[in-house]
Amino acid sequence: MTARMKPPVLVTKKLYPKALELLQATADVEYHDSRAGLSADRLLTKAKGKVGIVCQLTDKFSAEVLAELPDLKVLSNVAVGYDNIDAAAAAERGVLVTNTPGALTETTADLAFALLMAAARRLTEAERFLRDGKWGEWYIDLLCGYDIYGATLGLLGMGRIGQAVARRAQGFGMKVLYHNRTRLDPAVEDALDAKYVSFEELLSESDFVSVHTPLTPDTRHLIAAAELSRMKPTAILVNTARGPVVDEAALAAALDKRTIAAAGIDVFEREPEVHPGLLAVENVVLAPHVGSATIATRTRMCTMAVENCLAGLRGERPPNLVNPQAWKG
Ligand code: DGY
């Protein structure tokens, strides 16, 4: 590459224009201007020869795919989660992998709370009931749900998003329990009014369990039949993290048998497929992975991903590097 040549970069899917323009000012961009992702074969073909790639959570970069991309220097994911990328394999090849933490914290926490409230108060079920013309007369137990105010919220995972949900819970007078790989600093626990408990205690004591862990081999099916059976029959499960953290078949069975009361689910094991058992029950509020879906947040995520990519291409350590072993600077 001569000094005047722009580095070749692939953008795998539609981006917000501001971010794209920022990238185009510095890089020679091949833009797949589509909301539909590339097939694995086309992704690989287009990725070959690129030094930077701005990708999304539907693009899979396994060790095998990365082995085919010897020119790649930076792989910039437009998401905080990066389970679509084998970041360790990338590090072995010196490929910097980046994500977008912080940009979507509050927005995702808003959706977790929205699902929690909608599931507790049976909101989507109530709307279906009304639209289907079933509302004949008011009666005492019409669509009764569960109180949020004063209830116990169990946060599984207490990173940025878990903590943002805890702050929302304070406004609802909730008692907050949490379980995390590492315990928070006591000052942070105090500020959030959150109590560290074992995983088992969190399951058995919480009225609401909200999942905020990344997807790793350790967290796959962290909530399966045994864990669901430890929850209260009145408990509600919320998942805005990653689908495979919850065993969907077990959740569908628990909802059907009412061994837990309800759920609010934004992420699924095999997106965009949804387990038929979840579609069949009334006591679950379902959303199509929209936790960070506001215009402002998605714009910020795109810009952040481009800034990460550009920093790596300039030979600087990207601000949001997730595989620091790859950094040889
Ligand atoms: C993420 O960033 O990981 C979300 O799932 C998509 O915004």
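Undergrad: Please provide a residue-by-residue account of the sheet that holds strand S8 (residues 194-196), values included.
TA: Strand order in the open sheet formed by 7 strands is S8-S7-S6-S9-S10-S11-S12, and the pairing between neighbours is parallel. Both edges of this open sheet fall to S8 and strand S12 (284-286), since each of them pairs with a single strand only. With direction set aside, neighbouring strand axes in the sheet form an average angle of 20°. Summarising the sheet, strand S6 (residues 152-156) and strand S9 (residues 208-211) pair through 4 bridges and their orientation is parallel. Bridge pairing in S9 links Gly-154 to Val-209. Sitting on the sheet, helix H11 (residues 248-257) touches strand S10 (236-239), strand S11 (262-265) and S12, and the angle it makes with S11 is about 145°.

Undergrad: An account of the pairing of S10 is requested, with residue identities and associated values reported.
TA: Burial along S10 is two-sided: Ile-236 and Val-238 facing one way and Leu-237 and Asn-239 facing the other are all buried. Judged from the 4 bridges that link them, S9 and S10 form a sheet pairing that is parallel. Counterpart to Val-209 in the pairing with S10 is Leu-237. Following the backbone out of S9, through helix H10 (residues 225-230) and into the adjacent parallel S10, one traces a crossover that is right-handed. Sheet topology note: the S10/S11 ladder contains 4 bridges and is parallel. Its bridge partner being in S11, Asn-239 is matched across the sheet by Ile-265. Viewed along the sheet, the connection from S10 through H11 into S11 turns out right-handed.

Undergrad: Requested: an account of the sheet that holds strand S3 (residues 52-55), with residues and values cited.
TA: Taken together, the 5 strands give an open sheet; going across it, the order is S2-S1-S3-S4-S5, and neighbouring strands pair in parallel fashion. Two strands close off the open sheet at either side, each with one partner strand: strand S2 (28-31) and strand S5 (96-98). Looking at each pair of strands side by side, their axes are set apart by 15° on average, direction ignored.

Undergrad: An account of the packing of aromatic side chains is requested, with residue identities and associated values reported.
TA: This model, assessed by the stated rule, comprises 2 aromatic pairs. Between Phe-113 and Phe-172, the ring centres sit 5.0 Å apart and the planes meet at 35°, which makes this aromatic pair tilted. Note that Phe-113 is positioned in helix H5 (residues 105-120) and Phe-172 in the loop between helix H7 (160-171) and strand S7 (175-179), a separation of 59 residues in sequence. According to the relative accessible area criterion, Phe-172 is partly exposed, its value standing at 27%. Aromatic side chains Tyr-178 and Tyr-196 sit 5.3 Å apart centroid to centroid with 70° between the ring planes, which places their arrangement in the edge-to-face category. Within this pair, whereas Tyr-178 is found in strand S7, its partner Tyr-196 is found in strand S8, the two being separated by 18 residues in sequence.

Undergrad: Describe the domain arrangement of the protein, listing the residues and the values that go with them.
TA: We note that the domain assignment places domain 1 (3-103 + 295-326) and domain 2 (105-286) within the protein. Facing the 7 residues of domain 1 at the interface are 5 residues of domain 2. Looking at the side of domain 1 facing domain 2, the largest losses of area belong to Asp-83, Gly-102 and Thr-297, adding up to 58% of the total buried there. The interface formed by domain 1 and domain 2 includes 1 salt bridge. A salt bridge links Asp-83 to Arg-242; the nearest nitrogen and oxygen atoms lie 2.8 Å apart. Counting across the interface, domain 1 meets domain 2 through 3 residue pairs in polar contact (both at pLDDT 80 or more).

Analysis parameters
- Residues numbered from 1 in each chain as written.
- Predicted model: local features only at pLDDT ≥ 70, side-chain atom pairs only at ≥ 80, totals over all residues.
- Heavy atoms only, no water.
- Pairing = 2+ DSSP bridges.
- Helix = DSSP H or I, 4+ residues; strand = E, 2+ residues; numbered from the N terminus.
- Axes fitted to C-alpha atoms, helices over the stretch in contact; angles between N-to-C directions.
- Contact = heavy atoms within 4.5 Å.
- Buried < 20%, exposed > 50% of the residue type's maximum accessible area, 1.4 Å probe, protein only.
- Right-handed = clockwise from strand over helix to strand, strands pointing away.
- Phe/Tyr/Trp six-rings, centres within 6.5 Å; stacked < 30°, edge-to-face > 60°.
- Domains from an automatic or database assignment.
- Buried area = accessible area lost by both parts, 1.4 Å probe.
- Salt bridge = Lys/Arg side-chain N within 4 Å of Asp/Glu carboxyl O.
- Polar contact = N/O pair within 3.5 Å; in protein donor to acceptor, adjacent residues only side chain to side chain.

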